[in-house]
Amino acid sequence: MSSERLLNFINGSWQASKAGDVLPVINPATTETLAQVPMSPASEVDEAATAAAKAAREWARVPAGDRIQYLFKLKALLEENLDDLARACTNECGKTYVESVGELRRAIENVEVACGIPLMMQGWNNEDIARGIDEHMFRQPVGVAAIIAPFNFPAMIPFWFLPYALATGNSVIVKPSEKCPVTQQKIFRLIEQLKLPAGVMQMVNGGKETVDAILDHPAIRAISMVGSTPAARYIYARAAANGKRAQCQAGAKNPVVIMPDADMDSATRILSDSAFGCAGQRCLALSVGVTVGSAREVFIEHFSEAARKRKVGYGLDEGVETGPVISAASRERVLGLIAKGEQEGAKVIVDGRDRKAPGYEDGSFVFPTLLDGVPPQGEIAHTEIFGPVFSLMHADALEDAIAMVNDRAYGNMACIFTSSGAAARKFRQEAIAGNIGINIGVAAPMAYFPFSGWRESFFGDLHGQGMQAVEFFTETKVVVERWPKEWSRKF
Ligand code: NAD
(Lines give C-alpha, C1' and ligand atoms only; values in the text may rest on other atoms or scores of the structure.)
Protein backbone atom coordinates (compact mmCIF):
# COMPACT_ATOMS: atom_id res chain seq x y z
CA MET A 1 0.00 0.00 0.00
CA SER A 2 1.47 3.36 -1.00
CA SER A 3 1.62 5.82 1.83
CA GLU A 4 2.42 8.78 -0.43
CA ARG A 5 0.15 11.49 0.80
CA LEU A 6 -0.63 13.99 -1.92
CA LEU A 7 0.17 17.63 -1.26
CA ASN A 8 -1.55 20.91 -1.97
CA PHE A 9 0.21 23.62 -3.98
CA ILE A 10 -0.57 26.89 -2.25
CA ASN A 11 1.06 30.29 -2.64
CA GLY A 12 3.97 28.91 -4.65
CA SER A 13 4.92 25.97 -2.43
CA TRP A 14 3.93 22.39 -1.70
CA GLN A 15 2.09 21.97 1.58
CA ALA A 16 0.89 18.95 3.52
CA SER A 17 -2.80 19.32 4.31
CA LYS A 18 -3.76 19.26 7.96
CA ALA A 19 -6.85 17.27 7.01
CA GLY A 20 -7.69 14.40 9.31
CA ASP A 21 -9.55 12.58 6.55
CA VAL A 22 -7.71 10.96 3.67
CA LEU A 23 -9.01 8.68 0.91
CA PRO A 24 -6.99 5.99 -0.85
CA VAL A 25 -6.45 6.35 -4.60
CA ILE A 26 -6.77 2.84 -6.06
CA ASN A 27 -5.74 1.47 -9.44
CA PRO A 28 -9.04 -0.09 -10.54
CA ALA A 29 -7.31 -2.79 -12.63
CA THR A 30 -4.63 -4.01 -10.23
CA THR A 31 -6.28 -2.81 -6.94
CA GLU A 32 -2.90 -1.34 -5.92
CA THR A 33 -3.17 1.71 -3.66
CA LEU A 34 -1.39 4.52 -5.48
CA ALA A 35 -1.59 7.37 -2.94
CA GLN A 36 -3.62 8.95 -0.17
CA VAL A 37 -5.55 12.12 -0.95
CA PRO A 38 -6.36 14.60 1.83
CA MET A 39 -9.83 16.10 2.23
CA SER A 40 -8.54 19.64 2.72
CA PRO A 41 -10.52 21.79 5.17
CA ALA A 42 -11.99 25.26 4.55
CA SER A 43 -8.97 26.94 6.19
CA GLU A 44 -6.70 25.66 3.40
CA VAL A 45 -9.11 26.88 0.72
CA ASP A 46 -9.05 30.25 2.47
CA GLU A 47 -5.26 30.29 2.41
CA ALA A 48 -5.24 29.53 -1.33
CA ALA A 49 -8.03 32.02 -2.13
CA THR A 50 -6.33 34.80 -0.17
CA ALA A 51 -3.03 34.19 -1.97
CA ALA A 52 -4.88 33.99 -5.31
CA ALA A 53 -6.68 37.29 -4.77
CA LYS A 54 -3.40 39.03 -3.94
CA ALA A 55 -1.63 37.50 -6.96
CA ALA A 56 -4.51 38.27 -9.33
CA ARG A 57 -4.09 42.04 -8.94
CA GLU A 58 -0.50 41.93 -10.27
CA TRP A 59 -1.10 39.14 -12.78
CA ALA A 60 -3.91 41.09 -14.45
CA ARG A 61 -1.43 43.87 -15.23
CA VAL A 62 1.11 41.55 -16.89
CA PRO A 63 0.65 42.04 -20.67
CA ALA A 64 -1.23 39.14 -22.29
CA GLY A 65 1.71 38.62 -24.65
CA ASP A 66 3.94 38.02 -21.62
CA ARG A 67 1.40 35.81 -19.85
CA ILE A 68 1.22 33.39 -22.76
CA GLN A 69 4.99 32.82 -22.63
CA TYR A 70 4.24 30.61 -19.61
CA LEU A 71 1.83 28.60 -21.74
CA PHE A 72 4.47 27.98 -24.40
CA LYS A 73 6.71 26.57 -21.64
CA LEU A 74 3.83 24.52 -20.24
CA LYS A 75 3.15 23.00 -23.65
CA ALA A 76 6.80 21.96 -23.97
CA LEU A 77 6.79 20.41 -20.47
CA LEU A 78 3.57 18.51 -21.13
CA GLU A 79 4.99 17.15 -24.40
CA GLU A 80 8.25 16.09 -22.71
CA ASN A 81 6.39 14.33 -19.89
CA LEU A 82 3.55 12.88 -21.92
CA ASP A 83 4.48 9.24 -21.36
CA ASP A 84 4.79 9.62 -17.58
CA LEU A 85 1.50 11.54 -17.35
CA ALA A 86 -0.33 9.04 -19.58
CA ARG A 87 0.83 6.14 -17.40
CA ALA A 88 -0.32 7.93 -14.25
CA CYS A 89 -3.68 8.62 -15.88
CA THR A 90 -4.14 4.97 -16.88
CA ASN A 91 -3.11 3.75 -13.45
CA GLU A 92 -5.51 5.90 -11.51
CA CYS A 93 -8.55 5.93 -13.76
CA GLY A 94 -8.29 2.67 -15.69
CA LYS A 95 -8.44 3.81 -19.30
CA THR A 96 -5.96 2.42 -21.83
CA TYR A 97 -2.58 4.04 -22.45
CA VAL A 98 -3.70 5.10 -25.95
CA GLU A 99 -6.81 6.76 -24.47
CA SER A 100 -4.65 8.54 -21.87
CA VAL A 101 -2.34 9.87 -24.58
CA GLY A 102 -5.46 11.06 -26.46
CA GLU A 103 -6.73 13.03 -23.50
CA LEU A 104 -3.34 14.61 -22.91
CA ARG A 105 -3.21 15.65 -26.55
CA ARG A 106 -6.53 17.48 -26.12
CA ALA A 107 -5.19 19.14 -22.94
CA ILE A 108 -2.16 20.35 -24.92
CA GLU A 109 -4.42 21.54 -27.75
CA ASN A 110 -6.24 23.77 -25.26
CA VAL A 111 -2.90 25.26 -24.16
CA GLU A 112 -2.09 25.95 -27.81
CA VAL A 113 -5.43 27.66 -28.45
CA ALA A 114 -5.09 29.80 -25.32
CA CYS A 115 -1.76 31.08 -26.68
CA GLY A 116 -3.98 33.16 -28.99
CA ILE A 117 -5.39 35.12 -26.03
CA PRO A 118 -3.83 38.48 -27.04
CA LEU A 119 -6.08 38.35 -30.11
CA MET A 120 -9.02 36.50 -28.51
CA MET A 121 -9.21 39.00 -25.67
CA GLN A 122 -9.39 42.07 -27.88
CA GLY A 123 -12.16 44.54 -27.24
CA TRP A 124 -13.99 46.98 -29.50
CA ASN A 125 -13.18 50.58 -30.30
CA ASN A 126 -15.63 53.03 -31.86
CA GLU A 127 -14.50 56.55 -32.57
CA ASP A 128 -17.06 59.36 -32.78
CA ILE A 129 -20.16 57.52 -31.63
CA ALA A 130 -21.33 61.14 -31.28
CA ARG A 131 -19.43 64.32 -32.06
CA GLY A 132 -16.15 64.20 -30.07
CA ILE A 133 -17.14 61.07 -28.15
CA ASP A 134 -15.39 57.68 -28.41
CA GLU A 135 -16.50 54.37 -26.94
CA HIS A 136 -14.39 51.30 -26.15
CA MET A 137 -15.00 47.89 -24.67
CA PHE A 138 -12.13 46.20 -22.83
CA ARG A 139 -11.97 42.69 -21.40
CA GLN A 140 -10.56 42.42 -17.91
CA PRO A 141 -10.02 39.20 -15.91
CA VAL A 142 -12.67 38.30 -13.33
CA GLY A 143 -10.00 37.78 -10.63
CA VAL A 144 -9.87 34.34 -9.02
CA ALA A 145 -11.25 31.27 -10.79
CA ALA A 146 -11.71 27.77 -9.38
CA ILE A 147 -11.89 24.51 -11.35
CA ILE A 148 -13.65 21.48 -9.84
CA ALA A 149 -12.85 18.33 -11.82
CA PRO A 150 -14.36 14.84 -12.30
CA PHE A 151 -12.48 11.54 -12.30
CA ASN A 152 -12.90 10.39 -15.89
CA PHE A 153 -10.43 12.73 -17.66
CA PRO A 154 -8.05 13.68 -14.86
CA ALA A 155 -5.51 15.31 -17.20
CA MET A 156 -7.69 16.92 -19.85
CA ILE A 157 -10.76 18.37 -18.17
CA PRO A 158 -9.02 21.02 -16.03
CA PHE A 159 -7.46 22.17 -19.30
CA TRP A 160 -10.84 23.06 -20.81
CA PHE A 161 -10.58 26.05 -18.47
CA LEU A 162 -7.11 26.45 -16.94
CA PRO A 163 -5.11 27.83 -19.91
CA TYR A 164 -7.85 30.37 -20.74
CA ALA A 165 -8.28 31.51 -17.13
CA LEU A 166 -4.53 31.92 -16.75
CA ALA A 167 -3.87 33.65 -20.06
CA THR A 168 -6.75 36.10 -19.62
CA GLY A 169 -5.09 37.25 -16.38
CA ASN A 170 -6.87 35.37 -13.59
CA SER A 171 -5.34 33.37 -10.81
CA VAL A 172 -6.59 29.81 -10.66
CA ILE A 173 -7.30 27.16 -8.01
CA VAL A 174 -7.74 23.57 -9.21
CA LYS A 175 -9.61 21.00 -7.10
CA PRO A 176 -8.91 17.63 -8.76
CA SER A 177 -11.25 14.65 -8.44
CA GLU A 178 -10.62 12.87 -5.15
CA LYS A 179 -10.86 9.58 -7.11
CA CYS A 180 -8.10 10.52 -9.59
CA PRO A 181 -5.85 13.27 -8.17
CA VAL A 182 -2.41 11.82 -9.04
CA THR A 183 -2.17 13.02 -12.66
CA GLN A 184 -2.92 16.65 -11.64
CA GLN A 185 -0.32 16.37 -8.85
CA LYS A 186 2.21 15.46 -11.54
CA ILE A 187 1.00 18.26 -13.83
CA PHE A 188 1.44 20.74 -10.97
CA ARG A 189 5.06 19.54 -10.59
CA LEU A 190 5.43 20.86 -14.17
CA ILE A 191 3.46 24.03 -13.46
CA GLU A 192 5.84 24.67 -10.54
CA GLN A 193 8.72 24.71 -13.05
CA LEU A 194 7.07 27.63 -14.90
CA LYS A 195 7.98 29.88 -11.96
CA LEU A 196 4.74 31.81 -12.16
CA PRO A 197 4.26 34.48 -9.49
CA ALA A 198 3.21 32.80 -6.21
CA GLY A 199 -0.55 32.40 -5.92
CA VAL A 200 -1.30 32.53 -9.66
CA MET A 201 -1.72 28.74 -9.99
CA GLN A 202 -2.74 26.64 -7.01
CA MET A 203 -4.14 23.21 -6.28
CA VAL A 204 -6.17 22.13 -3.28
CA ASN A 205 -7.16 18.47 -2.95
CA GLY A 206 -10.36 17.41 -1.29
CA GLY A 207 -14.01 16.48 -1.46
CA LYS A 208 -17.35 18.05 -0.66
CA GLU A 209 -16.17 20.16 2.29
CA THR A 210 -13.37 21.59 0.14
CA VAL A 211 -15.79 22.35 -2.70
CA ASP A 212 -18.26 24.02 -0.35
CA ALA A 213 -15.47 26.24 0.99
CA ILE A 214 -14.60 27.21 -2.61
CA LEU A 215 -18.25 27.99 -3.39
CA ASP A 216 -18.62 30.15 -0.29
CA HIS A 217 -15.32 32.02 -0.46
CA PRO A 218 -15.90 35.69 -1.33
CA ALA A 219 -12.56 36.10 -3.15
CA ILE A 220 -13.37 33.39 -5.70
CA ARG A 221 -15.38 34.91 -8.56
CA ALA A 222 -15.79 32.13 -11.15
CA ILE A 223 -16.50 28.39 -10.87
CA SER A 224 -15.85 25.88 -13.66
CA MET A 225 -17.11 22.45 -12.72
CA VAL A 226 -17.50 19.15 -14.53
CA GLY A 227 -19.21 16.14 -12.96
CA SER A 228 -22.48 14.34 -12.40
CA THR A 229 -25.78 16.17 -12.87
CA PRO A 230 -26.83 16.23 -9.17
CA ALA A 231 -23.43 17.66 -8.14
CA ALA A 232 -23.42 20.14 -11.05
CA ARG A 233 -26.93 21.38 -10.23
CA TYR A 234 -25.98 21.84 -6.58
CA ILE A 235 -22.67 23.57 -7.34
CA TYR A 236 -24.26 25.88 -9.91
CA ALA A 237 -27.02 26.90 -7.47
CA ARG A 238 -24.68 27.49 -4.55
CA ALA A 239 -22.17 29.42 -6.66
CA ALA A 240 -24.94 31.58 -8.14
CA ALA A 241 -26.48 32.21 -4.71
CA ASN A 242 -23.08 33.55 -3.65
CA GLY A 243 -22.95 35.89 -6.65
CA LYS A 244 -20.37 33.97 -8.64
CA ARG A 245 -20.48 33.15 -12.32
CA ALA A 246 -20.56 29.40 -12.91
CA GLN A 247 -20.29 26.93 -15.78
CA CYS A 248 -21.11 23.35 -14.73
CA GLN A 249 -20.86 20.59 -17.33
CA ALA A 250 -22.83 17.57 -16.22
CA GLY A 251 -23.97 14.01 -16.90
CA ALA A 252 -25.24 12.46 -20.11
CA LYS A 253 -27.05 9.60 -21.78
CA ASN A 254 -26.09 9.96 -25.42
CA PRO A 255 -28.29 8.44 -28.13
CA VAL A 256 -27.36 7.33 -31.65
CA VAL A 257 -29.61 6.58 -34.63
CA ILE A 258 -28.47 3.85 -37.02
CA MET A 259 -30.13 4.10 -40.45
CA PRO A 260 -30.45 1.15 -42.83
CA ASP A 261 -28.19 2.95 -45.34
CA ALA A 262 -25.32 3.31 -42.85
CA ASP A 263 -22.00 1.69 -43.68
CA MET A 264 -22.34 -1.05 -41.07
CA ASP A 265 -18.66 -1.99 -40.89
CA SER A 266 -17.45 1.49 -40.08
CA ALA A 267 -20.53 2.28 -37.93
CA THR A 268 -19.85 -0.83 -35.84
CA ARG A 269 -16.18 -0.05 -35.37
CA ILE A 270 -16.81 3.60 -34.45
CA LEU A 271 -19.79 2.82 -32.23
CA SER A 272 -17.99 0.04 -30.40
CA ASP A 273 -15.21 2.47 -29.53
CA SER A 274 -17.69 5.12 -28.39
CA ALA A 275 -19.77 2.75 -26.24
CA PHE A 276 -16.98 0.59 -24.79
CA GLY A 277 -13.85 2.78 -25.01
CA CYS A 278 -12.84 4.40 -21.70
CA ALA A 279 -15.04 1.60 -20.26
CA GLY A 280 -18.08 3.69 -21.22
CA GLN A 281 -16.97 6.38 -18.79
CA ARG A 282 -16.98 9.30 -21.21
CA CYS A 283 -19.59 12.02 -20.97
CA LEU A 284 -19.66 11.61 -24.77
CA ALA A 285 -20.06 7.82 -24.77
CA LEU A 286 -22.90 6.59 -26.95
CA SER A 287 -25.03 4.46 -24.66
CA VAL A 288 -28.46 4.19 -26.30
CA GLY A 289 -28.95 3.12 -29.90
CA VAL A 290 -32.06 3.39 -32.06
CA THR A 291 -31.97 1.26 -35.22
CA VAL A 292 -34.37 2.30 -37.95
CA GLY A 293 -36.26 -0.30 -40.02
CA SER A 294 -34.11 -3.02 -41.52
CA ALA A 295 -30.95 -1.76 -39.76
CA ARG A 296 -31.99 -3.77 -36.70
CA GLU A 297 -30.92 -7.32 -37.62
CA VAL A 298 -27.71 -6.44 -39.40
CA PHE A 299 -26.59 -4.00 -36.71
CA ILE A 300 -27.20 -6.48 -33.89
CA GLU A 301 -25.21 -9.12 -35.74
CA HIS A 302 -22.24 -6.79 -36.39
CA PHE A 303 -22.28 -5.02 -33.05
CA SER A 304 -22.63 -8.09 -30.85
CA GLU A 305 -19.62 -9.61 -32.55
CA ALA A 306 -17.61 -6.41 -31.97
CA ALA A 307 -18.67 -6.35 -28.30
CA ARG A 308 -17.65 -9.98 -27.75
CA LYS A 309 -14.27 -9.51 -29.46
CA ARG A 310 -13.16 -6.43 -27.57
CA LYS A 311 -10.00 -7.02 -25.54
CA VAL A 312 -10.53 -6.07 -21.90
CA GLY A 313 -7.74 -5.71 -19.33
CA TYR A 314 -5.18 -3.45 -17.67
CA GLY A 315 -4.72 -0.32 -19.75
CA LEU A 316 -0.91 -0.51 -19.81
CA ASP A 317 -0.93 -4.01 -21.34
CA GLU A 318 -0.44 -4.30 -25.09
CA GLY A 319 -3.56 -4.44 -27.25
CA VAL A 320 -6.08 -3.75 -24.47
CA GLU A 321 -9.11 -1.83 -25.79
CA THR A 322 -11.26 -1.50 -22.67
CA GLY A 323 -10.07 -1.01 -19.09
CA PRO A 324 -11.95 -1.34 -15.80
CA VAL A 325 -14.57 1.03 -14.44
CA ILE A 326 -13.35 3.39 -11.75
CA SER A 327 -14.09 1.33 -8.61
CA ALA A 328 -15.66 -1.80 -7.16
CA ALA A 329 -18.65 0.34 -6.09
CA SER A 330 -19.08 1.62 -9.63
CA ARG A 331 -18.92 -1.98 -10.95
CA GLU A 332 -21.67 -3.01 -8.54
CA ARG A 333 -23.81 -0.06 -9.65
CA VAL A 334 -23.35 -0.93 -13.35
CA LEU A 335 -24.23 -4.60 -12.71
CA GLY A 336 -27.32 -3.48 -10.81
CA LEU A 337 -28.45 -1.36 -13.76
CA ILE A 338 -27.99 -4.26 -16.22
CA ALA A 339 -30.16 -6.41 -13.92
CA LYS A 340 -32.70 -3.62 -13.80
CA GLY A 341 -32.78 -3.58 -17.62
CA GLU A 342 -33.51 -7.31 -17.63
CA GLN A 343 -36.33 -6.81 -15.11
CA GLU A 344 -37.75 -4.15 -17.40
CA GLY A 345 -37.91 -6.66 -20.26
CA ALA A 346 -34.66 -6.08 -22.16
CA LYS A 347 -32.77 -9.06 -23.50
CA VAL A 348 -29.05 -9.36 -22.68
CA ILE A 349 -27.50 -10.23 -26.05
CA VAL A 350 -23.88 -9.90 -24.92
CA ASP A 351 -23.35 -10.37 -21.20
CA GLY A 352 -20.21 -8.84 -19.70
CA ARG A 353 -21.12 -9.40 -16.08
CA ASP A 354 -19.37 -12.58 -15.02
CA ARG A 355 -16.16 -12.34 -16.94
CA LYS A 356 -12.72 -11.76 -15.42
CA ALA A 357 -9.69 -10.05 -16.96
CA PRO A 358 -6.91 -12.67 -16.93
CA GLY A 359 -4.22 -11.68 -14.41
CA TYR A 360 -6.43 -8.98 -12.85
CA GLU A 361 -9.19 -11.09 -11.35
CA ASP A 362 -9.87 -8.61 -8.52
CA GLY A 363 -10.07 -5.57 -10.82
CA SER A 364 -13.29 -3.61 -11.32
CA PHE A 365 -14.01 -4.98 -14.78
CA VAL A 366 -17.30 -5.07 -16.61
CA PHE A 367 -16.99 -6.54 -20.11
CA PRO A 368 -18.90 -4.97 -23.02
CA THR A 369 -22.59 -5.64 -22.63
CA LEU A 370 -25.41 -5.29 -25.19
CA LEU A 371 -29.07 -5.08 -24.22
CA ASP A 372 -31.73 -5.32 -26.90
CA GLY A 373 -35.42 -4.43 -26.77
CA VAL A 374 -34.91 -1.84 -24.08
CA PRO A 375 -38.29 -0.25 -23.26
CA PRO A 376 -38.11 3.42 -24.31
CA GLN A 377 -39.67 4.59 -21.04
CA GLY A 378 -37.65 2.27 -18.78
CA GLU A 379 -34.98 3.36 -16.33
CA ILE A 380 -32.18 1.72 -18.30
CA ALA A 381 -33.00 3.90 -21.34
CA HIS A 382 -32.68 7.11 -19.32
CA THR A 383 -30.19 6.60 -16.46
CA GLU A 384 -26.52 7.38 -17.07
CA ILE A 385 -24.83 4.00 -16.54
CA PHE A 386 -21.19 5.16 -16.98
CA GLY A 387 -20.01 1.68 -17.87
CA PRO A 388 -19.49 -0.36 -21.08
CA VAL A 389 -23.18 -1.07 -21.59
CA PHE A 390 -25.10 -0.32 -24.79
CA SER A 391 -28.91 -0.34 -24.82
CA LEU A 392 -30.76 -0.87 -28.07
CA MET A 393 -34.23 0.26 -29.12
CA HIS A 394 -35.97 0.27 -32.50
CA ALA A 395 -38.06 2.61 -34.63
CA ASP A 396 -39.86 2.25 -37.95
CA ALA A 397 -38.85 5.64 -39.35
CA LEU A 398 -36.32 8.45 -38.79
CA GLU A 399 -39.11 10.68 -37.46
CA ASP A 400 -39.85 8.20 -34.64
CA ALA A 401 -36.15 7.69 -33.93
CA ILE A 402 -35.63 11.46 -33.52
CA ALA A 403 -38.57 11.57 -31.12
CA MET A 404 -36.86 8.83 -29.05
CA VAL A 405 -33.56 10.72 -29.18
CA ASN A 406 -35.24 13.87 -27.90
CA ASP A 407 -37.26 12.15 -25.20
CA ARG A 408 -34.61 12.50 -22.52
CA ALA A 409 -33.45 14.85 -19.82
CA TYR A 410 -29.86 15.21 -21.02
CA GLY A 411 -28.54 16.95 -24.12
CA ASN A 412 -24.80 16.39 -24.28
CA MET A 413 -24.51 14.65 -27.64
CA ALA A 414 -26.64 12.89 -30.27
CA CYS A 415 -25.33 11.02 -33.32
CA ILE A 416 -26.57 9.49 -36.53
CA PHE A 417 -25.00 6.94 -38.87
CA THR A 418 -26.28 7.24 -42.44
CA SER A 419 -25.14 7.78 -46.02
CA SER A 420 -28.13 10.05 -46.74
CA GLY A 421 -27.48 13.79 -46.70
CA ALA A 422 -31.19 14.46 -46.23
CA ALA A 423 -31.43 12.20 -43.16
CA ALA A 424 -28.25 13.70 -41.69
CA ARG A 425 -29.52 17.23 -42.24
CA LYS A 426 -32.92 16.52 -40.69
CA PHE A 427 -31.20 14.96 -37.68
CA ARG A 428 -28.74 17.83 -37.29
CA GLN A 429 -31.60 20.32 -37.29
CA GLU A 430 -34.03 18.46 -35.03
CA ALA A 431 -31.94 16.54 -32.49
CA ILE A 432 -31.96 18.27 -29.10
CA ALA A 433 -28.32 18.16 -28.01
CA GLY A 434 -25.41 20.58 -28.01
CA ASN A 435 -22.89 18.30 -29.74
CA ILE A 436 -23.99 16.41 -32.86
CA GLY A 437 -22.08 13.58 -34.56
CA ILE A 438 -22.79 12.56 -38.16
CA ASN A 439 -21.01 9.25 -38.77
CA ILE A 440 -18.94 10.18 -35.69
CA GLY A 441 -19.07 8.30 -32.37
CA VAL A 442 -17.50 10.79 -29.97
CA ALA A 443 -18.30 14.28 -31.24
CA ALA A 444 -15.80 15.95 -28.90
CA PRO A 445 -15.32 19.58 -29.97
CA MET A 446 -11.79 20.66 -30.82
CA ALA A 447 -10.30 23.12 -28.33
CA TYR A 448 -11.34 26.16 -30.40
CA PHE A 449 -15.02 25.10 -30.33
CA PRO A 450 -17.23 25.29 -27.22
CA PHE A 451 -18.02 22.04 -25.40
CA SER A 452 -21.73 22.54 -25.95
CA GLY A 453 -23.82 20.45 -23.55
CA TRP A 454 -27.55 21.30 -23.30
CA ARG A 455 -30.42 20.62 -20.89
CA GLU A 456 -29.44 18.57 -17.79
CA SER A 457 -25.93 18.16 -19.22
CA PHE A 458 -25.07 21.79 -18.54
CA PHE A 459 -25.82 24.51 -16.03
CA GLY A 460 -24.70 27.98 -17.06
CA ASP A 461 -24.47 29.86 -20.33
CA LEU A 462 -20.83 30.01 -21.44
CA HIS A 463 -19.22 26.61 -22.03
CA GLY A 464 -15.63 25.47 -21.66
CA GLN A 465 -12.93 25.84 -24.37
CA GLY A 466 -12.21 28.46 -27.00
CA MET A 467 -13.88 31.85 -27.21
CA GLN A 468 -16.65 30.99 -24.73
CA ALA A 469 -13.95 30.29 -22.12
CA VAL A 470 -12.38 33.67 -22.87
CA GLU A 471 -15.76 35.34 -22.32
CA PHE A 472 -16.36 33.37 -19.13
CA PHE A 473 -13.04 34.37 -17.58
CA THR A 474 -13.31 38.06 -18.46
CA GLU A 475 -15.63 40.92 -17.66
CA THR A 476 -16.40 43.60 -20.17
CA LYS A 477 -15.67 47.19 -19.27
CA VAL A 478 -17.18 49.85 -21.49
CA VAL A 479 -15.58 53.28 -21.53
CA VAL A 480 -17.22 56.32 -23.10
CA GLU A 481 -14.99 59.38 -23.38
CA ARG A 482 -15.58 62.95 -24.54
CA TRP A 483 -12.81 65.01 -26.15
CA PRO A 484 -14.40 68.31 -27.29
CA LYS A 485 -12.92 69.82 -30.43
CA GLU A 486 -12.25 73.11 -28.62
CA TRP A 487 -9.71 71.39 -26.35
CA SER A 488 -7.50 70.38 -29.26
CA ARG A 489 -7.19 74.07 -30.22
CA LYS A 490 -4.91 74.47 -27.17
CA PHE A 491 -2.20 72.43 -28.94
P1 NAD B 1 -18.93 13.80 -9.40
O2 NAD B 1 -20.11 14.64 -9.57
O3 NAD B 1 -18.99 12.69 -8.41
O4 NAD B 1 -17.66 14.69 -8.98
C5 NAD B 1 -17.22 15.79 -9.76
C6 NAD B 1 -16.57 16.82 -8.83
O7 NAD B 1 -17.57 17.39 -8.00
C8 NAD B 1 -15.52 16.22 -7.90
O9 NAD B 1 -14.42 17.10 -7.83
C10 NAD B 1 -16.23 16.11 -6.55
O11 NAD B 1 -15.36 16.27 -5.46
C12 NAD B 1 -17.27 17.23 -6.61
N13 NAD B 1 -18.51 16.89 -5.93
C14 NAD B 1 -19.24 15.77 -6.12
N15 NAD B 1 -20.34 15.80 -5.35
C16 NAD B 1 -20.32 16.98 -4.67
C17 NAD B 1 -21.20 17.59 -3.72
N18 NAD B 1 -22.32 17.00 -3.32
N19 NAD B 1 -20.86 18.79 -3.21
C20 NAD B 1 -19.74 19.41 -3.62
N21 NAD B 1 -18.86 18.86 -4.51
C22 NAD B 1 -19.15 17.67 -5.04
O23 NAD B 1 -18.55 13.22 -10.85
P24 NAD B 1 -17.52 12.06 -11.22
O25 NAD B 1 -18.10 10.75 -10.82
O26 NAD B 1 -16.16 12.42 -10.76
O27 NAD B 1 -17.53 12.20 -12.82
C28 NAD B 1 -18.43 11.52 -13.64
C29 NAD B 1 -19.57 12.41 -14.08
O30 NAD B 1 -19.08 13.57 -14.74
C31 NAD B 1 -20.51 11.73 -15.08
O32 NAD B 1 -21.83 12.05 -14.74
C33 NAD B 1 -20.12 12.35 -16.39
O34 NAD B 1 -21.13 12.36 -17.38
C35 NAD B 1 -19.78 13.75 -15.97
N36 NAD B 1 -18.92 14.39 -16.95
C37 NAD B 1 -19.46 15.39 -17.70
C38 NAD B 1 -18.70 16.01 -18.69
C39 NAD B 1 -19.28 17.09 -19.55
O40 NAD B 1 -18.55 17.79 -20.19
N41 NAD B 1 -20.59 17.26 -19.58
C42 NAD B 1 -17.37 15.61 -18.88
C43 NAD B 1 -16.85 14.60 -18.08
C44 NAD B 1 -17.63 14.00 -17.11
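Residues numbered from 1 in each chain as written. Predicted model: local features only at pLDDT ≥ 70, side-chain atom pairs only at ≥ 80, totals over all residues. Heavy atoms only, no water.

Engineer: Before we go on, may I ask you to explain unusual backbone geometry in this structure?
Structural biologist: Note on backbone geometry: most residues besides glycine have negative phi, and most peptide bonds are trans. Look at T31: it is not a glycine, yet its phi comes out positive at around 70 degrees. Its place among the elements puts T31 in the loop between β3 (22-26) and β4 (33-38). Here the phi dihedral of Q465 falls at roughly 75 degrees; this positive angle occurs in a residue that is not glycine. Checked against the element boundaries, Q465 lands in the loop between β21 (458-459) and α15 (466-472). (Helix = DSSP H or I, 4+ residues; strand = E, 2+ residues; numbered from the N terminus.)

Engineer: Would you mind going over the site of the ligand with me for this structure?
Structural biologist: Taken together, 29 residues surround the ligand, and among them A149, E178, S228, A250 and E384 come closest. A distance of 2.9 Å separates an oxygen atom of the ligand from a polar side-chain atom of K175. In the environment of the ligand, an oxygen atom lies 2.6 Å from a nitrogen or oxygen atom belonging to the side chain of S228. When contributions to the shell around the ligand are tallied by element, the ones reaching two or more residues are α8 (208-216), β10 (222-226) and α9 (229-241). Of the residues that constitute the shell around the ligand, the class distribution is 17 nonpolar, 7 polar and 5 charged. Residues from two domains meet in the shell around the ligand; each of domain 1 (8-250 + 458-479) and domain 2 (254-438) gives at least three. (Near = heavy atom within 4 Å. Polar contact = N/O pair within 3.5 Å; in protein donor to acceptor, adjacent residues only side chain to side chain. Nonpolar A, V, L, I, M, F, W, Y, C, P; charged D, E, K, R; others polar. Domains from an automatic or database assignment.)

Engineer: Help me understand the domain arrangement of the chain in this model?
Structural biologist: The parts lose accessible area when they come together, and the size of an interface is often stated as this lost area. Once the domains are mapped, the chain shows domain 1 (8-250 + 458-479) and domain 2 (254-438). Taking only C-alpha atoms, the centre of domain 1 and the centre of domain 2 are 31 Å apart. Every contact between the two is made by 21 residues of domain 1 and, on the other side, 23 residues of domain 2. Taken together, both faces of the contact between domain 1 and domain 2 bury some 1700 Å²; the carbon and sulfur share is 66%. Summed over the shared surface of domain 1 and domain 2, the result is 5 residue pairs in polar contact (both at pLDDT 80 or more). For the side of domain 1 that touches domain 2, the elements supplying multiple residues, two or more each, are α3 (82-93) and α4 (97-114). Of the residues forming the side of domain 1 that touches domain 2, the biggest block, 5 residues, is contributed by α3. Among the residues making up the side of domain 1 that touches domain 2, the classes are represented as 7 nonpolar, 9 polar and 5 charged. (Contact = heavy atoms within 4.5 Å. Buried area = accessible area lost by both parts, 1.4 Å probe.)

Engineer: What exactly am I supposed to notice about the packing of aromatic side chains here?
Structural biologist: Where two aromatic rings form a pair, the distance of their centres and the angle of their planes describe that pair. Tallying each qualifying case throughout the model produces 15 aromatic pairs. Between F299 and F303, the aromatic rings sit 4.9 Å apart at their centres with planes inclined by 20 degrees, giving stacked as the arrangement. One end of the pair, F299, and the other, F303, are both in helix α11 (residues 295-309), 4 residues apart, so they sit about a helical turn from each other. Here the aromatic cluster, defined as three or more aromatic residues joined through ring pairs, consists of F276, F299, F303 and F390. For the cation-ring pair, R189 lies above W14, with the distance from its terminal atom to the ring centre recorded as 4.1 Å. (Phe/Tyr/Trp six-rings, centres within 6.5 Å; stacked < 30°, edge-to-face > 60°. Lys NZ or Arg CZ within 6 Å of the ring centre and 35° of its normal.)

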